[in-house]
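Take a look at the letters that make up each chain.
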Amino acid sequence: MVDLFLFGIFPYVAVVIAVGGSIWRYVRNQFTYSSLSSQFLEGRQLFWGSVPWHYGIIAVLVGHLIGVFFPAGVKAFNSVPVRLYILEGTALAMGLLLLVGLVILVVRRSTNPRVRMVTTPMDMVLLALLLITVVAGIGVAIFYRWGSAWFVTTATPYIWSLVKLSPDLKYVASLPVLAKIHAVAALVLIAVFPFTRLVHIVSIPFAYLWRPYQIVMWHRRQVQ
Amino acid sequence: MDVRAQLSMVFHLDKCIGCHTCSLACNNLWTSREGTEYMWWNNVETKPGTGYPTLWEDQGKYQGGWMLKGNSLTPRVGRRLGLLTNIFYNPYLPSLDDYYEPWTYQYQHLFNAPLGEDQPTAKPLSQITGRYLDIEAGPNWDDDLSGSSVYARNDVNLAELTPLERESLFRLEQMVFFYIPRICNHCLNPACLAVCPSGAIYKRGEDGIVLVSQEKCRGWRFCVSGCPYKKTYYNWKTGKAEKCILCYPRLETGQAPACFHTCVGRIRYLGVILYDAERIEATAKVPDNDLVAAQLGLILDPGDAAVVAAARRNGIGDDWIAAAQRSPVYKFVKEWGLALPLHAEFRTLPMLFYVPPLLPVIASMRDGSYDLAEAEFFGRVESARVPLKYMARLFSAGNTETIKRVIRKLLAVRVYQRAKAVGDIAEERVAAMMAEADCTAEQAEQIARLTSVPRFDDRFAIPPYHREETIEQIEQLMRHKGHVGFDFNLPLERGL
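In this text the structure is predicted, and so the values were computed from the model without any measurement.

**Focus: the overall build of chain B**
Part 1 of the argument: Per the secondary structure count, chain B includes 21 helices and 17 strands.
Part 2 of the argument: Taken against the 2.2 N^0.38 rule, which gives 23 Å for 496 residues, the C-alpha radius of gyration of chain B at 24 Å falls within 12% of a compact globule.
Part 3 of the argument: Counting only C-alpha atoms and orienting by the principal axes, one finds that chain B spans roughly 75 × 75 × 50 Å.
Part 4 of the argument: Counting the 496 residues in chain B, one finds 57% classified as buried.

**Description of the overall build of chain A**
Part 1 of the argument: Summing up its helical and strand segments, chain A has 9 helices and 1 strand in all.
Part 2 of the argument: When the helices and strands of chain A are listed from N to C terminus, the series reads α-α-α-α-α-α-α-α-α-β.
Part 3 of the argument: Expressed along its principal axes, the backbone C-alpha trace of chain A runs to roughly 65 × 45 × 40 Å.
Part 4 of the argument: Counting over 224 residues, chain A shows a buried share of 43%.
Part 5 of the argument: Across chain A, the fraction of contacts at a sequence separation of at least 24, relative to all contacts at a separation of at least 6, is 79%.

**Section: the interface of chain B and chain A**
When the parts of a complex come together, some accessible area is lost, and that lost area is often taken as the interface size.
Part 1 of the argument: In this assembly, 71 residues from chain B lie in contact with 52 residues from chain A.
Part 2 of the argument: Sorting the residues of chain B by area buried against chain A places Arg80(B), Phe88(B) and Leu496(B) first, and these three jointly supply 16% of that buried surface.
Part 3 of the argument: Among the salt bridges present, the one from Arg114(A) reaches Glu101(B), with a minimum N-O distance of 2.6 Å.
Part 4 of the argument: In this assembly, chain B and chain A are joined by 28 residue pairs in polar contact (both at pLDDT 80 or more).

**Points about the domain arrangement of chain B**
Residue and element names in this part refer to chain B.
Part 1 of the argument: Split into domains, chain B comes out as domain 1 (17-100 + 137-251) and domain 2 (265-459).
Part 2 of the argument: Here domain 1 and domain 2 have C-alpha centroids that lie 24 Å from each other.
Part 3 of the argument: Taken together, the contacts link 43 residues of domain 1 with 31 residues of domain 2.
Part 4 of the argument: Counting the surface lost from both domain 1 and domain 2, the interface buries some 3300 Å², and carbon and sulfur atoms represent 67% of this.
Part 5 of the argument: Our count for the contact surface shared by domain 1 and domain 2 stands at 2 salt bridges.
Part 6 of the argument: One salt bridge in this structure joins Glu160 and Arg393, with 2.9 Å as the shortest N-O distance.
Part 7 of the argument: Here domain 1 is connected to domain 2 by 16 residue pairs in polar contact (both at pLDDT 80 or more).
Part 8 of the argument: Elements with a minimum of two residues in the side of domain 1 that touches domain 2: β3 (66-69), α6 (163-169) and β7 (178-182).
Part 9 of the argument: The biggest single contributor to the side of domain 1 that touches domain 2 is β7, with 4 residues.

**Focus on the packing of aromatic side chains**
Residues and elements named next belong to chain B.
Part 1 of the argument: One pass over the structure, following the stated rule, counts 31 aromatic pairs over all chains.
Part 2 of the argument: An angle of 20° between the planes, with centres 6.5 Å apart, marks the rings of Trp30 and Trp41 as stacked. Linking Trp30 in helix α1 (residues 21-30) with Trp41 in the loop between α1 and β2 (43-47), this pair joins segments that are 11 residues apart in sequence.
Part 3 of the argument: Ring centres of Phe456 and Phe460 lie 4.9 Å apart, and the angle between their planes is 75°; this geometry places the pair in the edge-to-face category.

**Digging into the sheet that holds strand β1 (residues 216-217) of chain A**
Part 1 of the argument: Taken in spatial order, the 3 strands make up an open sheet running β1(A)-β8(B)-β9(B), and their pairing is mixed. Each having just a single partner strand, β1 of chain A together with β9 (210-212) of chain B make up the two edges of the open sheet.
Part 2 of the argument: Sheet analysis places β1(A) next to strand β8 (residues 201-204) of chain B, joined by 2 bridges and oriented parallel. Within the sheet, the bridge partner assigned to Met217(A) lies in β8(B) and is Arg204(B).

**A word on the nonpolar core**
Part 1 of the argument: Tyr38(B), Phe260(B) and Phe395(B) are the most contacted members of the largest nonpolar core, which totals 156 residues.
Part 2 of the argument: Ranked by residues supplied to this core, first place goes to helix α17 (residues 400-421) of chain B with 9 residues.
Part 3 of the argument: Counting the residues that make up this core, at least three belong to each of domain 1 (17-100 + 137-251) and domain 2 (265-459) of chain B.
Part 4 of the argument: Counting 19 residues, the second-largest nonpolar core is a separate cluster that includes Leu127(A), Leu129(A), Leu189(A) and Phe193(A).

**Brief notes about the packing of helix α2 (residues 44-69) of chain A against helix α7 (residues 147-163) of chain A**
Residues and elements named next belong to chain A.
Part 1 of the argument: As a packed pair, α2 and α7 sit with axes 8 Å apart at the nearest point and diverge in direction by 80°. When the interaxial angle is binned, α2 and α7 end up roughly perpendicular. Along the contact surface, α2 presents His64, Gly67, Val68 and Phe69, while α7 presents Phe151, Val152, Thr156, Ile159 and Trp160.
Part 2 of the argument: Looking at the contact of α2 with α7 residue by residue, the class counts come to 6 nonpolar, 3 polar and no charged.

**A closer look at the pairing of β8(B)**
Residue and element names in this part refer to chain B.
Part 1 of the argument: Where burial is concerned, the two faces of β8 agree: the one with Ile201 and Lys203 and the one with Tyr202 and Arg204 are both buried.
Part 2 of the argument: Sheet topology places β8 next to β9; 3 bridges connect them, and they run antiparallel. Note that in β9 the partner of Tyr202 across the bridge is Leu211.

**Examining the pairing of strand β4 (residues 72-75) of chain B**
Residues and elements named next belong to chain B.
Part 1 of the argument: Across 4 bridges, the pairing between β3 and β4 is antiparallel. Along β4, the bridge assignment pairs Lys69 with Ser72.
Part 2 of the argument: With antiparallel pairing between neighbouring strands as the criterion, β3 and β4 make up a hairpin whose turn holds 2 residues, including Gly70 at a positive phi of roughly 60°.

**Remarks on the side chain of Thr451(B)**
Residue and element names in this part refer to chain B.
Part 1 of the argument: Looking at the element boundaries, Thr451 is found in helix α19 (residues 441-452).
Part 2 of the argument: Within the structure, Thr451 has its side chain in polar contact with the backbone oxygen of Ile447 (distance 2.6 Å).
Part 3 of the argument: If sequence neighbours within four positions are ignored, Thr451 has contacts with His12, Lys15, Tyr269 and Phe332.

**Regarding the environment of Thr451(B)**
Part 1 of the argument: Exposure remark for Thr451(B): the relative accessible area of 16% places this residue in the buried category.
Part 2 of the argument: Sequence spacing of Thr451(B) and Leu172(B) is 279 residues, and the spatial spacing of their C-alpha atoms is 31 Å.

**Quick word on a nonpolar patch on the surface**
Part 1 of the argument: Residues Met1(A), Leu4(A), Phe5(A), Ile9(A), Val13(A), Ile17(A), Trp24(A), Phe195(A) and Leu496(B) make up a contiguous nonpolar surface patch of roughly 880 Å² in combined accessible area.
Part 2 of the argument: Its place among the elements puts Leu496(B) in the segment after α21 (467-474).
Part 3 of the argument: Classification of Leu496(B) as partly exposed rests on a relative accessible area of 40%.

**Structural notes on the packing of helix α6 (residues 121-143) of chain A against helix α9 (residues 177-192) of chain A**
Residue and element names in this part refer to chain A.
Part 1 of the argument: At a closest axis distance of 8 Å, the pairing of α6 and α9 adopts a crossing angle of 150°. Put simply, α6 runs roughly antiparallel to α9. Crossing of α6 against α9: the hand is left-handed. Two secondary-structure elements touch here, α6 through Met122, Leu126, Leu129, Leu130, Ile132, Thr133, Ala136, Gly137, Gly139, Val140 and Phe143 and α9 through Leu178, Ala179, Ile181, His182, Ala185, Ala186, Val188, Leu189 and Val192.

**Description of the sheet that holds strand β15 (residues 352-355) of chain B**
All names here are of chain B.
Part 1 of the argument: Strands sit in the order β13-β12-β1-β15-β14 across an open sheet of 5 strands; the sheet is mixed. The open sheet is flanked by β13 (299-300) and β14 (340-341), the only strands paired with a single partner.
Part 2 of the argument: The pairing of strand β1 (residues 3-12) with β15 spans 4 bridges and is classified as parallel. Bridge pairing in β15 links Phe11 to Tyr354.
Part 3 of the argument: The strands touched by helix α13 (residues 305-313) within the sheet are β1, β12 (268-276) and β13, with β1 carrying the most contacts at an inclination of about 115°.

**Quick look at the pattern of salt bridges**
Part 1 of the argument: All told, the structure shown has 30 salt bridges over all chains when counted by the stated rule.
Part 2 of the argument: Arg109(A) is the salt-bridge partner of Asp123(A), the closest N and O atoms lying 3.7 Å from each other. Here Asp123(A), found in helix α6, pairs with Arg109(A), found in helix α4 (residues 81-111); they are 14 residues apart in sequence, far enough to count as distant.
Part 3 of the argument: We note a salt bridge from Arg347(B) to Asp288(B), for which the minimum N-O separation is 2.9 Å. Placement of Arg347(B) in the loop between β14 and β15 and of Asp288(B) in helix α12 (residues 288-298) is noted, with a sequence separation of 59 residues between them.
Part 4 of the argument: Its relative accessible area of 6% is what places Arg347(B) among the buried residues.
Part 5 of the argument: Counted as one network, the salt bridges with shared partners bring together Arg109(A), Asp123(A) and Arg197(A).

Parameters and conventions
- Residues numbered from 1 in each chain as written.
- Chains lettered and ligands numbered in written order.
- Predicted model: local features only at pLDDT ≥ 70, side-chain atom pairs only at ≥ 80, totals over all residues.
- Heavy atoms only, no water.
- Helix = DSSP H or I, 4+ residues; strand = E, 2+ residues; numbered from the N terminus.
- Rg over C-alpha atoms; globule rule 2.2 N^0.38 Å.
- Buried < 20%, exposed > 50% of the residue type's maximum accessible area, 1.4 Å probe, protein only.
- Contact = heavy atoms within 4.5 Å.
- Buried area = accessible area lost by both parts, 1.4 Å probe.
- Salt bridge = Lys/Arg side-chain N within 4 Å of Asp/Glu carboxyl O.
- Polar contact = N/O pair within 3.5 Å; in protein donor to acceptor, adjacent residues only side chain to side chain.
- Domains from an automatic or database assignment.
- Phe/Tyr/Trp six-rings, centres within 6.5 Å; stacked < 30°, edge-to-face > 60°.
- Pairing = 2+ DSSP bridges.
- Core = buried A, V, L, I, M, F, W, Y, C linked by side-chain atoms within 4.5 Å.
- Axes fitted to C-alpha atoms, helices over the stretch in contact; angles between N-to-C directions.
- Parallel < 35°, antiparallel > 145°, perpendicular 65-115°, else oblique.
- Nonpolar A, V, L, I, M, F, W, Y, C, P; charged D, E, K, R; others polar.
- Patch = residues over 30% accessible without salt bridge, like charges linked within 9 Å, V, L, I, M, F, W, Y side chains within 5 Å.
- Areas by Shrake-Rupley, 256 points an atom, 1.4 Å probe, with all protein chains shown as cover.
- Left-handed = near helix turned anticlockwise from the far one by under 90°.

Shown next, in the form of structure tokens:
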């Protein structure tokens, strides 16, 4: 019953809140979309926290997505033990890297008096959620080894069953509790996405790579 | 020829008395909110000095402006992809401590303190954290050369001076300083704009004012390091960049910007200039030595029939062309050649020009005191107390010939006026100096008039904006009937 709610219903609720909420916030008040960087107030600790955190989380997220989109490829890659060790080792290293970054960020945010002035309650909620997700994820990686191998036979088909609107709970039913905590915390993160500073993710400025250097705006259309 | 109009400024440094009234006017109007207390969109700094934020001119530290490598012009903070890889931590961002931690005083304590032996004091409190603050620096900590051994001596513009020249500059009897008021330069090739990952900064086509869209800004902070003048600021509270808006709401209603309007020394001039937008990129790539000449070359003669025709073709109204024709800026910068851009070598093509200071009076010394009996009351350009090399670093991208020409002309006008008013300078000498400076008597009269006794309307030639017409193209006015305005309908509060 709990499984049905957490893995059969909640994912849809989370995604609807995330998409709807983000659009609502964007349309209603774009002014609140910002990286809300506090580097200006404190830079040294931020460097050791933000850089490992961001690069680590990007690598790990991309890893998860590869597992979801290319399960066959991952299986084939892992068929040679050495390659499996390298993949798992890299993933764990990235996980530990981002954990170190995250811990530094949490410490910085709770101890630096300047940074505390720009800390909202939601920031602390978000950091707690991230910490739970990350610690559970690393726990899974350590205690239930070769996650990259079993991820593609459990999580991947489960996620695709969600996409096909017929959630198949048999894939997640037998998962260890730690993995379930990891998944549920991640779903909660998706649900709170629009109400946190996480919205800065949707404003990654890819367009900067090709826009012209100068921008001129006219009130009147220019006479040709 | 792609003619565009630009609101441009001239600051006459000889007239600046360093009173900071401009800074306060601006601060009262725009930056007295939480998150902006430390910002001085307009600030006045003492030169030699390290300025605000400390060492802002040192692009080795902050990587502002453009870099010319061969024929390619790129922002110093990084090319596109390289810049984005630094997005999680900008290594060239000035921190709050490079400006100063803003503070207020615990005034209430003066009233609430319990009865005691001593007078109660109002201790300083940080405006960021609200805690007691041990004040160690402020925006004008080095005003009038105070702490010169820490500040003035580290002025990066002194780098090219010989040790002897530097020492003589700081010898007590010869100490010398002047003020530079600084606002956003509203550049033709703005680097803050070029490095904005969100594309939130833009230059207004009609008047060239550079603005930050508060809605599009995502707080990536590259504009702060990208601007070589450090005139874009990060609002730590809202997580958005803010900068001088040249008081466009005032301009659009025919008023001079607050800092201009309140200027006690009346050093500021504002007017329209017409320039050729087609040549911006080519001009920004000219070698340092010719950079100032090339930049001034962009500015077109608003009296030229071909320029006027091209301006009309580009949709510039006759009233704007007329404003350009009576622009005091055009006179100072082009007609008389007296005003120069600050640090043209940053290659942003700044549109704020400075008449370099003659003061302290170029005078000769004898036995440690001024020699007033000598025939050459104003001395010679070469014997200037502030070394020309220093002035050239500031105002002519290192080209001493350019600055010499300007100072020679300023001197000639002075000598001409003194000869006329006091009559203690020989006519031949006046004539020789005027000829050397390539200045006619008529021009000297005009310069003297606009410098010393200009009226309000002479200093500010503000073109009519007709905002009531242009706004109709982007807004349906009737839809807003009864509303308070066209701006934000929600409070500008920090996001969650």
